[in-house]
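Descriptive analysis of the structure
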Amino acid sequence: MNDRPDSLSRTLGWALFISGIACYLLLSAPTLLRFGIPYDAPFGPVPAKIHPGSYLLLMALVVTLSSHGHPLRVLGRELRRQPLLSSYTTCMVLIFVWAVYRHGTSGAAFIIEALWMPAVAAYTLSLHDARRHGQTLQVIMVLIGCNAVVAIGESLLKTRLTPLYIGREDAIADYYFRASAFLGHPLANALVTVTLLPAVTMLPWKLVWRVALAVALMLSVLAFGGRASLVGGLVVYGAMAAWKLSSDAVHGRYSYLKLTGGLLALMLGATALVGVVAATGLGERIFQNLQLDNSAGVRVRVWEAFDHVSTADLLVGVPPARIDDVAVKMGLDPLYEAIENYWIYLSLFLGLIGFVPFVVGLACLVFRMWRIATPAMRGAIFLFLVAGSTANTLAAKTVSLSLLVTAIVAGAGQSRTSNSRRRDPPLQVGRVDLGVVGGRP
């Protein structure tokens, strides 16, 4: 196997990979539609239903595999080396085959986008060295920081950089303004932002820049108006931070001066943050709707969907058109509302025959990512599963899981290399074996 980290083909593979990730972060479905690409619209050719970033990631995988030797041999080796990720990939291929067999190709592209591409990203990045891992993480966080700044600006100016479309028309009309920024839908923005927030702790930047980025990301979640993401983030990350700080304090890792100074700085920072929010009106939709309004009520009513399908349908699956009919029977507005829970939607769409492989595969991916993730990113995994369940996160075209998996793999490679450097300065840089990150084989 060719392990030269600076070979031309491997550099090209990483360039294609990072270009694909950048496309994910900069080209939302409304933006693509504005450019004449009906990516998420109910019309247009089949090739247009795959995101340009996905094409780049697939090319990156092929080029990167080739840079290590014969691509099929290298791929086989990677499949054996990462059995949990391979199990996830196998399960997602199986449910795609089942969905196409049952319902045809219509409505099945989201499986490629939402469920195949995380595996493609993980395989590709794991074949690059730790230097590329660190660069990838920084590119992602710079772009997500730019997304946050744009969102805050949109919220202050009450105007969107890119209109939100349904079909061909600009049909989004929120009573409370919600920013869309680069990623498009406000709730998708909120979920991606809050799950990538812990990655700030892994950046090799000065403290002031990391704090500034973290503050911008937190403010942008308010601008996006994602209640589940905001509340979930406060609970999960707040509990993790409180546990870490209290544990360190009990074990005497902080002097009295550091402890009192840190608490004072935290109080002043929180006060300043509240002042900024109050003065700018960020999060107006969240703070004035902290109750079970119609939007939140839909997420409770979706469980009624099972009352409108037969036992046979629950076994083999229901086509998308009939799921839309079920939503109408439940009293949902077909223009603005849907079954906002990917567990329910996929159980209806795939049936028990396809839903079981989905659950097994997702469990394999979660366990794999949990094993290699830093403690902070483990909180992000948990939050993704909880907050993402309040929307069609994995039952629609989304880049959220691909971005989370990429950040975890990049952070794991960078973290392992940093730890090795402290123990053994003359580190030999090569392909990072993520199977032993965190002290586990």
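All values derive from a computational prediction rather than experimental measurement.

On a plain count of helices and strands, the protein comes out with 18 helices and zero strands. Relative to its full complement of 441 residues, the protein shows a buried share of 50%. Put simply, of all contacts in the protein between residues at least 6 apart along the chain, 76% involve residues at least 24 apart. Accessible surface, the protein: about 20,400 Å² in total, of which carbon and sulfur atoms supply 68%.

A few words on unusual backbone geometry. Positive phi values are uncommon outside glycine, yet Lys-158 reaches one of about 55°. A residue is classified by how much of its surface remains accessible, and Lys-158, at 44% relative accessible area, is partly exposed. The backbone phi angle of Ala-181 is positive, close to 50°, even though this residue is not glycine. Among the structural elements, Ala-181 can be located in the loop between α7 (130-157) and α8 (186-196). Residue classification places Ala-181 among the buried residues on the basis of a relative accessible area of 2%.

Side-chain pairing between opposite charges can occur once the charged atoms of the two side chains come close. Inspection of every chain in the model, using the stated rule, returns two salt bridges. For Arg-81, the salt bridge identified is with Glu-78, shortest N-O distance 2.7 Å. Taken together, the positions of Arg-81 and Glu-78, both in helix α4 (residues 71-81) and three residues apart, correspond to about one turn of that helix. By relative accessible area, which is 1% here, Glu-78 ends up buried. Asp-313 is paired through a salt bridge with Arg-322; the nearest N and O atoms lie 2.7 Å apart. Of the residues examined, Arg-322 reaches a relative accessible area of 37% and is grouped as partly exposed.

Membership of the largest hydrophobic core comes to 107 residues, with the highest contact counts inside it found for Tyr-88, Leu-115, Met-141, Phe-358 and Met-377. With 14 residues, the single largest contributor to this core is helix α16 (residues 342-372). If we ignore the near neighbours within four places in the chain, the residues touching Met-377 are Thr-195, Pro-198, Ala-199, Met-202, Leu-404, Ala-407 and Ile-408. In terms of nonpolar packing, the next biggest core, distinct from the first, is built from six residues, Ala-151, Ala-181, Ala-190 and Ala-223 among them.

Time to look at helix α15 (residues 320-329). Listing the buried residues of α15 in full gives Pro-320, Ile-323, Val-326 and Ala-327. Along α15, the residues classed as buried sweep out an arc of 105° about the axis, all on the same side. Seen from the buried face of α15, the exposed residues on the opposite side, beyond 90 degrees, are Ala-321 and Lys-329. Residue Gly-331 follows α15 closely and has a positive phi angle near 90°.

The next subject is a nonpolar patch on the surface. A cluster of nonpolar side chains, contributed by Leu-315, Leu-352, Ile-353, Val-356 and Val-360, occupies part of the molecular surface with about 410 Å² of accessible area. Note on placement: Leu-315 falls in helix α14 (residues 311-316). For Leu-315, a relative accessible area of 41% corresponds to the partly exposed category.

With their axes 11 Å apart at the nearest point, α7 and α8 run at an angle of 135° to one another. Between α7 and α8, the crossing angle belongs to the class labelled oblique. The two elements α7 and α8 cross, and the hand of that crossing is left-handed. Residues Ile-140, Met-141, Ile-144 and Asn-147 of α7 lie in contact with α8, whose contacting residues are Asn-189, Val-192, Thr-193 and Leu-196.

Turning our attention to the confidence of the model for the protein. Overall, the predicted model of the protein reaches an average pLDDT of 81, with 76% of residues at or above 70. When mean pLDDT is compared element by element in the protein, helix α3 (residues 52-67) scores highest at 96, while helix α12 (residues 284-287) scores lowest at 54. Throughout residues 1-5 the model reports pLDDT below 50, and contacts reaching past four residues in sequence, or to other chains, amount to 14 contacts.

Checked against the element boundaries, Arg-10 lands in helix α1 (residues 8-26). Within the structure, the side chain of Arg-10 is placed 3.1 Å from the backbone oxygen of Ser-67, a separation counted as a polar contact.

Turning to the packing of aromatic side chains, a few remarks are in order. Going through the model one piece at a time under the given rule, you end up with seven aromatic pairs. Through a chain of ring-to-ring contacts, three or more aromatic side chains come together here, namely Tyr-342, Trp-343, Phe-355 and Phe-358. Over the ring of Trp-14 we find Arg-132; its NZ or CZ atom is 4.6 Å from the centre of that ring. The cationic tip of Lys-397 hangs over the ring face of Tyr-39; the distance from NZ or CZ to the ring centre is 4.5 Å.

Parameters and conventions
Residues numbered from 1 in each chain as written. Predicted model: local features only at pLDDT ≥ 70, side-chain atom pairs only at ≥ 80, totals over all residues. Heavy atoms only, no water. Helix = DSSP H or I, 4+ residues; strand = E, 2+ residues; numbered from the N terminus. Buried < 20%, exposed > 50% of the residue type's maximum accessible area, 1.4 Å probe, protein only. Contact = heavy atoms within 4.5 Å. Areas by Shrake-Rupley, 256 points an atom, 1.4 Å probe, with all protein chains shown as cover. Salt bridge = Lys/Arg side-chain N within 4 Å of Asp/Glu carboxyl O. Core = buried A, V, L, I, M, F, W, Y, C linked by side-chain atoms within 4.5 Å. Arc of directions from axis to C-beta. Patch = residues over 30% accessible without salt bridge, like charges linked within 9 Å, V, L, I, M, F, W, Y side chains within 5 Å. Axes fitted to C-alpha atoms, helices over the stretch in contact; angles between N-to-C directions. Parallel < 35°, antiparallel > 145°, perpendicular 65-115°, else oblique. Left-handed = near helix turned anticlockwise from the far one by under 90°. pLDDT = per-residue confidence, 0-100. Polar contact = N/O pair within 3.5 Å; in protein donor to acceptor, adjacent residues only side chain to side chain. Phe/Tyr/Trp six-rings, centres within 6.5 Å; stacked < 30°, edge-to-face > 60°. Lys NZ or Arg CZ within 6 Å of the ring centre and 35° of its normal.

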